[in-house]
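# Remarks on the overall topology
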Amino acid sequence: MDFALLKKLLHHLLTVCVTVYEGEPAILAAFEDRYCFQKELQPMFTAKSLSYLAESMNNSTFYEIIDKFDICLFFFRADEKVFLIGPYVRSEYSDQNTQRILIQNRMPASFAQSFKTYYTALPLLGSYQIQRTVIACLASLRPVCPEYTYRRLLGFQEEPKEAKSYRQESIDYSDIYQRYNAENRLLGLIEKGRVEDVMQAFDEMLDKSSQLTGLFMSTAYQSPSSILRALARKAAEKSGLSVVIIDQITQKAVQHLSAASSIRKQTQYNYEMLIELTAAVRSHLSNTSGYSPEIVKVVEYLSLNYTQNADMEEMCRISGYSASYLSKLFKRETGKTITQYTADLRCRQAAEMLRETGLSVQEISSYVGYLDNNYFVKVFKKATGKTPSEYRASAAEPGRTEAGIGDFRKA
């Protein structure tokens, strides 16, 4: 049987940690270190107890440990390997239950917050759901699946007979602060359009070892791609980038992610979305630097509608200014009239198409909004200093990555 596949299936179907134990003490020691909240109150979650249970367990029995905190662990044997599923919880977190448990075990209130962090990081599952999933996976991977019985193990039945002094050592909040600081750094870089730094910040956001799969395995992110996309959208929106452009970029990522066949593909598509979004922010900030919010709105309108004749009534509506005042303010802030600004946007698009496509000048002229090809040639030469044909020839010269495009100031 493919045990690696079984582990992966159980993890993804149940969205829970799955540990495979084959007798290595380090595996159970790591499990105890990561998941045992309080050793004295959770002895069955320690490496010593788990090792004893693994050695004495029946080969055809599903076991479930449930402690007084209502923290559960499901385990079973498949050949010589023991699969530990969990920990997980059976019910939602309750402040009242936490207080009751702490009081019963004579633990101070200082444990409440750390216990809440520990408890709410665990998935909410039912033992029947786990049993059905395990049986289905086993039946799919091996021709003959044994009949399993179910046994529940309850710990911590005795009340503490005397007061004990507990020290809180199991929860370290630095991981939480680190995660939020990494997220905030990533969002700040997107908002500032710093493309070159975004991937490094994204990498740091994933986990301490900077493994890309860390983000998708963390219990802090139930739907990591959705969370990342929402955070990135808000950061880009805060920069002033058009929500239409933001939506176009992120919806393309949604389409790709829906067809992603692996975590590696998901990581790639998220990376591409972040880079494209940050580049769009950088372009927006460069094109609107020093502009008033009202003129930024007009510039955004023109960038989305530059191939159409500018609708002055609509621009007045979104800016809140009269046509005469808007025209004066636009010229003062951009150095160009609305007509000139629109022409530069069209010529910039045309220049890109001349460099990167084999379309005819007439086809490009029509595409960017000029039905009169002769007029387009005139406007383009005024903007770049070259006719479209001269520009294309210049861009194609050996050793040239881009021909001169003239002065497209902030357009």
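Described below are features of the structure shown in this document. Note that the coordinates shown come from a computational prediction; the quantities given were computed from them, not determined experimentally.

Turning next to the pattern of salt bridges. Taken as a whole and assessed by the stated rule, the structure comprises eleven salt bridges. For lysine 39, the salt bridge goes to glutamate 32, with nearest N and O atoms at 3.2 Å. The exposure class assigned to glutamate 32 is buried, which follows from its relative accessible area of 15%. Notably, a salt bridge pairs arginine 282 with glutamate 196, separated by 3.0 Å at the nearest N-O pair. One end of the pair, arginine 282, is in helix α12 (residues 263-288); the other, glutamate 196, is in helix α8 (residues 195-206), and 86 residues separate them in sequence. You can call arginine 282 partly exposed: its relative accessible area is 38%.

Attention shifts here to the packing of helix α14 (residues 312-319) against helix α15 (residues 323-334). Orientation of α14 relative to α15, taken along the N-to-C sense of each, is 80°, at an axis distance of 10 Å. It follows that α14 is roughly perpendicular to α15 by the angle criterion. Together, Met312, Met315, Cys316 and Ser319 of α14 and Ala323, Leu326 and Ser327 of α15 make up the contact between the two elements. The residue makeup of the contact of α14 with α15, split by class, is five nonpolar, two polar and no charged.

With eight of eight residues buried, strand β3 (residues 71-78) lies mostly within the body of the structure. Here β3 shows no split at all, with Ile71, Leu73, Phe75 and Arg77 on one side and Cys72, Phe74, Phe76 and Ala78 on the other all buried. Bridging between strand β2 (residues 61-66) and β3 involves four bridges; their strand directions are antiparallel. Note that in β3 the partner of isoleucine 66 across the bridge is cysteine 72. The hairpin turn running from β2 into β3, its antiparallel successor, is four residues long, and aspartate 70 in that turn takes a positive phi close to 70°. Of the strand pairs in this sheet, β3 and strand β4 (residues 81-89) are connected by seven bridges, and their pairing is antiparallel. By the bridge assignment for β4, isoleucine 71 is matched with valine 89. Counted between consecutive antiparallel strands, the loop separating β3 from β4 contains two residues, among which aspartate 79 sits at a positive phi close to 60°.

Quick notes on the rules
Every chain begins its residue count from 1, and numbering advances along the sequence as written. Residues qualify for local features only when their pLDDT is at least 70, as the model is predicted, and side-chain atom pairs are given and counted only at 80 or more; totals for whole chains, interfaces and linings, by contrast, use all residues. Hydrogens are left out, water is left out, and the side-chain values use all remaining heavy atoms of the structure. Here a salt bridge means any side-chain nitrogen of Lys or Arg lying within 4 Å of a carboxyl oxygen belonging to Asp or Glu. Each residue gets one of three labels from its accessible area relative to the maximum for its type: buried under 20%, exposed over 50%, partly exposed in between, using a 1.4 Å probe on protein chains only. The secondary structure listing takes helices from DSSP runs of H or I that are at least 4 residues long and strands from runs of E that are at least 2 residues long, numbered from the N terminus. Lines fitted to the C-alpha atoms define the axes, with helices restricted to the stretch that makes contact. Angles between their N-to-C directions range from 0 to 180 degrees. Orientation labels follow simple angle bins: below 35 degrees gives roughly parallel, above 145 gives roughly antiparallel, 65 to 115 gives roughly perpendicular, and whatever is left gives oblique. In what follows, residue pairs with any heavy atoms lying within 4.5 Å of each other are defined as contacts. Three residue categories are used. Nonpolar comprises Ala, Val, Leu, Ile, Met, Phe, Trp, Tyr, Cys and Pro, charged comprises Asp, Glu, Lys and Arg, and polar comprises the others, including Gly. By the convention used here, strands pair only if DSSP detects at least 2 bridges between them.

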